[in-house]
2 protein chains.
Amino acid sequence: MVKAYAAKSETSGLAEHPIERRQLRDDDVAIEIDYCGVCHTDIHYVENDWGGTVYPVVPGHEIIGRVTEVGAKVTAYKPGDTVGVGCLVDSCRDCSACHDGLEQYCLNGMVPTYNGEDLHDGSVTYGGYSEGIVVSDRFVVKVPESLDPAKAAPLLCAGITTYSPLRHYGVKKGDKVGVIGMGGLGHMGVKFAKALGAEVTIFTRSESKVKEAKKQGADHVVISTDEQQMQDVAESFDFMLDTVPVKHDLNPYLNCLKYDGTHIIVGLLESVEPPLEAGALVLKRRVIAGSLIGGLPETQEMLDFCGEHGIHCDVEMLDIENINEAYERMKKGDVKYRFVIDMNSLKKK
Amino acid sequence: MVKAYAAKSETSGLAEHPIERRQLRDDDVAIEIDYCGVCHTDIHYVENDWGGTVYPVVPGHEIIGRVTEVGAKVTAYKPGDTVGVGCLVDSCRDCSACHDGLEQYCLNGMVPTYNGEDLHDGSVTYGGYSEGIVVSDRFVVKVPESLDPAKAAPLLCAGITTYSPLRHYGVKKGDKVGVIGMGGLGHMGVKFAKALGAEVTIFTRSESKVKEAKKQGADHVVISTDEQQMQDVAESFDFMLDTVPVKHDLNPYLNCLKYDGTHIIVGLLESVEPPLEAGALVLKRRVIAGSLIGGLPETQEMLDFCGEHGIHCDVEMLDIENINEAYERMKKGDVKYRFVIDMNSLKKK
């Protein structure tokens, strides 16, 4: 048994709750968790917003820790290594997606880090709000020494979610990239696009965020509610990285893309309303694409890229006992830009 | 002056009306028109469905004819050559799109073959329902000798509109391609996808069209209104070529795409309703793309491809005096698959 924080019902909030940790299989890595980022998805699962939450649920899929033990056949990791675990902990490993290192699109369904079902024994998976976790080596990544482990935790979700599409679509030096939304995902998108050599514009609805956007490294800021400003940047972007997780009008942003430009959705899972104008795609050969986190090889590449370029997430540290208040603040958008739980606060309890 | 068929108002229908043909400029090619395909767009302009029609309007942008005269600096064409003219007759020639041979996306606006404004003298452009046309050599294409000129006419619009995205997105041997819609565009999409080596499925709403779909060369037919059939092909296509020109639900088709699959819209210029489900894009890295006709180099490539592969449009020949009845039949979808006007019927009058 290990200590963890779990929600026992939709309305209970999170509280300490011991969980069973599985015995190591041959390919398993046992990790003592040092830091765990807090993703908005955690709240959705705790409160069963999407249905299907199995209680008790232990959230957390931005995990950084140290290896304590490895299974008999593990060669890539040894005790003491600083490692990470992201949004998924298993997949079929045998479909075309898995063969391509795109385990997040596994044709047989990937196993999420929490609230998933283990493929071997059918047990429920528990996430990173815990002292420790056991994960198959294929789903573990190495954390470069140059990275601050606390600030690296959110890279496993917010980082890879924005890095993956920018790389997949080949964002390069000189490209003009717009980033829509200034939350955990958006601020990482800015860092990656800048590091890839792009000229970056943040789109924000509020004049009050201009200063903060510039501080984040944006070359330009456009107030998306200002029609004149939007008109001034019509047909000028190669890519839009759209991190907004709630319903919003895509049409004004499509108009900002050049012909052949690509609007990348990483935050929205709902319906596109008001409706999309198909003419904006047809008349300029524009593209709307979706992207989901990233595969394991790409996640490792992303961490290495962050190590080389000194890229971290901007975080606010948190003790585990304050997690419920943190959720309330996140619901108001009151965090710059990601909460990270210091897991020593759980171990010390 | 040359003979032509023009509409003088939104409700007048088409009737004979002489038009001025410009004196040849140095880069111009004078063409005696033999055949002109009838596109649904012609009806929209004649009836001013999209606003902006300048009357009298002479429609027609699927033009095949023979060169009768060339300007002083024209070297690529000589009298007697069989040539084609498609949807555009000029562009700025100096922007990135024009430099890339994507004149249809000209940043300064391409000049449509009819109802456009000539960049030199501001005159209105007149289309192919006419004895002759004068077009700058850059916007003229050669018709391979192996092609039947009458059946080649619709390639200049229906052909290139479907060929261009299939090539742009790299459709290749073994790919699974779905074609939605069985009209002028759809039936050309089937021919091109087959010629590129793809396994082609036609999606149709009606059981009554299955036989015709198979006759068109489709390997499979799916009745899109049959939920079980749609479920059976879930996540199995690399590409969907969506030629439907009226509002329709994209979501059931998105579900038919594999991860990384691409839904290509070539027919729809309206809003996407019912609304698109963004989750279908994000969770499988799917793409929705638009595409508009094609550039001039690509149009030449398409004609050469048709020459090599013996690809023609299926046409129903028409004398010009029957054009108004033909429009009425097209509005009911009663044509397999494209009307082509034999321009001798105008010349003889």
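Because the structure is predicted, anything quoted here is derived from the model rather than measured.

### A look at the interface of chain B and chain A
Part 1 of the argument: Each partner contributes residues to the interface: chain B has 36 residues there, and chain A has 36 residues.
Part 2 of the argument: Each partner contributes to the roughly 3,100 Å² buried at the junction of chain B and chain A, and carbon and sulfur atoms together form 64% of this total.
Part 3 of the argument: In this structure, the connection of chain B to chain A is made through 0 salt bridges.
Part 4 of the argument: Listed by contribution, the elements that provide at least two residues to the side of chain B that touches chain A are helix H2 (96-99), helix H4 (158-168), strand E14 (257-265), helix H9 (278-282) and strand E15 (287-290) of chain B.
Part 5 of the argument: The residue inventory of the side of chain B that touches chain A, partitioned by class, reads 21 nonpolar, 7 polar and 8 charged.
Part 6 of the argument: Note: strand E15 (residues 287-290) of chain A against E15(B), 3 bridges, orientation antiparallel. Bridge pairing in E15(B) links Ile288(A) to Ile288(B).

### Section: the UniProt feature "domain: Enoyl reductase (ER)" (unreviewed entry) in chain A
Part 1 of the argument: UniProt's entry tags residues 8-341 of chain A with the feature "domain: Enoyl reductase (ER)" (unreviewed entry), counted in the numbering of this structure.
Part 2 of the argument: The span residues 8-341 of chain A carries 25% helix and 24% strand; its end-to-end C-alpha distance comes to 20 Å.

### Overview of helix H11 (residues 323-331) of chain B
Residue and element names in this part refer to chain B.
Part 1 of the argument: Turning to H11, its buried residues number three or more, namely Ile323, Ala326, Tyr327 and Met330. Taken end-on, H11 shows its buried residues confined to a sector of 105°, consistent with a single buried face.
Part 2 of the argument: Buried residues along H11 sit in contact with strand E1 (5-7), strand E2 (14-16), strand E3 (28-38), helix H1 (40-46), strand E16 (315-319) and strand E17 (338-342).
Part 3 of the argument: Gly333 sits one or two positions beyond H11 and adopts a positive phi of about 75°.

### Side note on the side chain of Thr125(A)
All names here are of chain A.
Part 1 of the argument: Here Thr125 shows up in the loop between strand E7 (111-112) and strand E8 (132-136).
Part 2 of the argument: For Thr125, a relative accessible area of 11% translates into the label buried.
Part 3 of the argument: Side-chain polar atoms of Thr125 contact the backbone oxygen of Thr113, separated by 3.3 Å.
Part 4 of the argument: Among the polar contacts listed, one links the side chain of Thr125 to the backbone nitrogen of Gly116, at a separation of 2.8 Å.

### With respect to the side chain of Asn251(B)
Part 1 of the argument: Positionally, Asn251(B) belongs in helix H8 (residues 251-254).
Part 2 of the argument: Each residue touching Asn251(B), except ones within four places of it in the same chain, is listed here: Pro274(B), Pro275(B), Leu276(B) and Glu277(B).

### Topic: the pattern of salt bridges
All names here are of chain B.
Part 1 of the argument: Tallied over the entire structure, the rule returns 55 salt bridges over all chains.
Part 2 of the argument: For Asp81, the salt bridge identified is with Lys78, shortest N-O distance 2.9 Å.
Part 3 of the argument: With a relative accessible area of 17%, Asp81 lands in the buried category.
Part 4 of the argument: Accessibility expressed as a relative area gives 52% for Lys78, which makes it exposed.
Part 5 of the argument: Close ionic contact of Lys194 with Asp219 constitutes a salt bridge, the shortest N to O distance being 2.9 Å. Of the two residues, Lys194 sits in helix H5 (residues 184-195) while Asp219 sits in the loop between helix H6 (210-215) and strand E12 (220-223), which places them 25 residues apart along the sequence.

### Re the relation of the copies chain B and chain A
Relating one copy of the chain to the other requires a rotation about an axis plus a shift along that axis.
Part 1 of the argument: When chain B is fitted to chain A, the residual RMSD is 0.0 Å, and the transformation amounts to a turn of 180° plus an axial shift of 0.0 Å. Taken together, the rotation and translation describe the operation of a two-fold axis.
Part 2 of the argument: Taken together, the interface assignments show that 100% of the residues at the interface of chain B recur at the interface of chain A, consistent with an identical surface on both copies.

### Let's talk about the nonpolar core
Part 1 of the argument: Of all hydrophobic cores here, the largest spans 238 residues; its most connected members are Tyr129(A), Phe203(A), Tyr129(B) and Phe203(B).
Part 2 of the argument: Setting aside anything within four residues of it in sequence, one finds Phe203(B) in contact with Gly178(B), Val179(B), Ile180(B), Gly181(B), Val222(B), Met230(B), Val233(B), Phe237(B), Met240(B), Tyr253(B) and Cys256(B).

### What to know about the packing of aromatic side chains
Each aromatic ring pair is specified by the distance between its two centres and by the angle formed by the two planes.
Residues and elements named next belong to chain A.
Part 1 of the argument: Overall, the coordinates contain 16 aromatic pairs over all chains when judged by the stated rule.
Part 2 of the argument: Of the aromatic side chains, those joined through ring pairs into one cluster are Tyr45, Trp50 and Tyr114.
Part 3 of the argument: Seen from the ring of Tyr77, Lys142 lies directly overhead, with NZ or CZ sitting 5.6 Å from the centre.

### Quick word on the environment of Pro252(A)
Part 1 of the argument: Tracing the backbone shows Pro252(A) in helix H8 (residues 251-254).
Part 2 of the argument: A C-alpha to C-alpha distance of 9.7 Å links Pro252(A) and Thr225(A), two positions 27 residues apart in sequence.

### Quick notes on unusual backbone geometry
Part 1 of the argument: The residue after Tyr55(A), namely Pro56(A), is reached through a cis peptide bond having omega -5°.
Part 2 of the argument: Turning to its location among the elements, Pro56(A) is positioned in the loop between helix H1 (40-46) and strand E4 (63-70).
Part 3 of the argument: Here Glu273(B) and Pro274(B) are connected by a cis peptide whose omega angle stands at -5°.
Part 4 of the argument: Note that Pro274(B) resides in the loop between E14 and H9.
Part 5 of the argument: A positive phi angle is found at Asp260(B), which is not glycine, with a value near 70°.
Part 6 of the argument: Positionally, Asp260(B) belongs in strand E14.

### Comments concerning the sheet that holds E14(B)
Part 1 of the argument: In space, the 12 strands of this open sheet follow the order E12(A)-E11(A)-E10(A)-E13(A)-E14(A)-E15(A)-E15(B)-E14(B)-E13(B)-E10(B)-E11(B)-E12(B), with mixed pairing throughout. Each end of this open sheet is capped by a strand with a single partner; those strands are strand E12 (220-223) of chain A together with E12 of chain B. Strand-to-strand twist in this sheet, taken as the mean axis angle between neighbours without regard to direction, amounts to 20°.
Part 2 of the argument: Taken together, the 5 bridges between strand E13 (residues 237-242) of chain A and strand E14 (residues 257-265) of chain A define a ladder with parallel strand orientation. Across the sheet, the residue bridging to Phe237(A) is Leu257(A), located in E14(A).

### Considerations on a nonpolar patch on the surface
Part 1 of the argument: A surface patch of nonpolar side chains, amounting to about 300 Å² of accessible area, comprises Trp50(A), Leu269(A) and Leu283(B).
Part 2 of the argument: As for its position among the elements, Trp50(A) is in the loop between H1 and E4.

### Digging into the packing of H4(B) against H5(B)
Residues and elements named next belong to chain B.
Part 1 of the argument: At a minimum axis separation of 8 Å, H4 and H5 run at an interaxial angle of 45°. On the basis of the axis angle, H4 is oblique to H5. The element H4 and its partner H5 pack so that their crossing is right-handed. Where H4 approaches H5, its residues Ala158, Gly159, Thr161, Thr162, Tyr163 and Leu166 are matched on the opposing element by Gly184, Leu185, Met188, Gly189, Phe192 and Ala193.
Part 2 of the argument: Residues that form the contact of H4 with H5 fall into these classes: 7 nonpolar, 5 polar and no charged.

### A closer look at H4(B)
In an α-helix, one turn spans 3.6 residues; hence positions three or four apart end up facing the same way.
All names here are of chain B.
Part 1 of the argument: H4 sits mainly inside the fold: 9 of its 11 residues count as buried.
Part 2 of the argument: Along H4, the positions that sit buried rather than exposed are Ala158, Gly159, Ile160, Thr161, Thr162, Tyr163, Ser164, Pro165 and Leu166.
Part 3 of the argument: Buried residues along H4 sit in contact with H5, strand E13 (237-242), E14, helix H10 (296-309) and E17.

### Notes on the domain arrangement of chain A
Residue and element names in this part refer to chain A.
Part 1 of the argument: As far as domains go, chain A holds domain 1 (5-157 + 294-347) and domain 2 (161-290).
Part 2 of the argument: Taking the mean C-alpha position of each, domain 1 and domain 2 sit 28 Å from one another.
Part 3 of the argument: Both faces considered, domain 1 and domain 2 share a buried interface measuring about 1,500 Å² in area, 59% of it formed by carbon and sulfur atoms.
Part 4 of the argument: When residues of domain 1 are sorted by the area they lose upon contact with domain 2, Glu298, Phe305 and Tyr337 head the list and together hold 38% of the total.
Part 5 of the argument: Taken together, the connections running from domain 1 to domain 2 amount to 3 salt bridges.
Part 6 of the argument: There are 9 residue pairs in polar contact (both at pLDDT 80 or more) connecting domain 1 and domain 2.
Part 7 of the argument: Among the elements that line the side of domain 1 that touches domain 2, the one with the most residues is helix H10 (residues 296-309), at 6 residues.
Part 8 of the argument: Residue composition of the side of domain 1 that touches domain 2, grouped by class: 9 nonpolar, 3 polar and 5 charged.

The rules behind the values
- Within each chain, residues carry numbers counting from 1 in the order of the written sequence.
- Key to labels: chains lettered from A, ligands numbered from 1, both in the order written.
- Local features in a predicted model are, by the rule used here, given only for residues with pLDDT of at least 70; side-chain atom pairs are given and counted only at 80 or more, and totals for whole chains, interfaces and linings are based on all residues.
- No hydrogens and no water enter the side-chain calculation; it runs on all heavy atoms of the structure.
- Between two residues, a contact is recorded if the distance between any of their heavy atoms is within 4.5 Å.
- Using a 1.4 Å probe, buried area is obtained as the accessible area two parts lose upon being combined, added over both of them.
- Salt bridges are defined as contacts in which a side-chain nitrogen from Lys or Arg sits within 4 Å of a carboxyl oxygen from Asp or Glu.
- Strands here are runs of E lasting at least two residues and helices are runs of H or I lasting at least four, both read from the DSSP assignment and numbered beginning at the N terminus.
- All residues other than Ala, Val, Leu, Ile, Met, Phe, Trp, Tyr, Cys, Pro, Asp, Glu, Lys and Arg, Gly among them, are scored as polar; the first ten of these are nonpolar and the last four charged.
- Strands were regarded as paired on the criterion that DSSP finds at least two bridges between them.
- UniProt positions are given in the numbering used here, feature names are shortened, and annotations may be inferred rather than shown by experiment.
- Each residue is placed in one exposure class: buried if its accessible area under a 1.4 Å probe, protein chains only, is under 20% of its type's maximum, exposed if it is over 50%, and partly exposed if it falls in between.
- This arc corresponds to the set of directions leading from the helix axis out to the C-beta atoms.
- Two N or O atoms count as a polar contact when they lie within 3.5 Å, although within protein this holds only if one can serve as hydrogen donor and the other as acceptor, and sequence-adjacent residues are included solely when both atoms are side-chain atoms.
- Only residues with pLDDT of at least 70 in both copies count here: their C-alpha atoms drive the least-squares fit that superposes the copies.
- In these notes, a set of buried Ala, Val, Leu, Ile, Met, Phe, Trp, Tyr and Cys residues joined through side-chain atoms within 4.5 Å is what counts as a nonpolar core.
- A pair of aromatic rings is counted whenever rings of Phe, Tyr or Trp (Trp by its six-membered ring) have centres within 6.5 Å, and the orientation is called stacked for planes under 30 degrees apart, edge-to-face for over 60 and tilted otherwise.
- Distance and angle both matter: a charge sits over a ring if NZ of Lys or CZ of Arg is within 6 Å of the ring centre and within 35 degrees of the ring normal.
- Axis definition: a line fitted to C-alpha atoms, limited for helices to the stretch in contact. Angles are taken between N-to-C directions and run from 0 to 180 degrees.
- Without a salt bridge and with relative accessible area above 30%, a residue can belong to a patch; like charges are then joined within 9 Å and nonpolar side chains (Val, Leu, Ile, Met, Phe, Trp, Tyr) within 5 Å.
- The Shrake-Rupley method, run with a 1.4 Å probe sphere, supplies the accessible areas, and residue values consider only the shown protein chains as cover.
- Any angle that is under 35 degrees is reported as roughly parallel, and any over 145 degrees as roughly antiparallel; angles of 65 to 115 degrees are reported as roughly perpendicular and all others as oblique.
- By definition, turning the near helix anticlockwise from the far helix through less than a right angle yields a left-handed crossing, and turning it clockwise yields a right-handed one.
- How far each domain reaches was decided by an automatic or database domain assignment.

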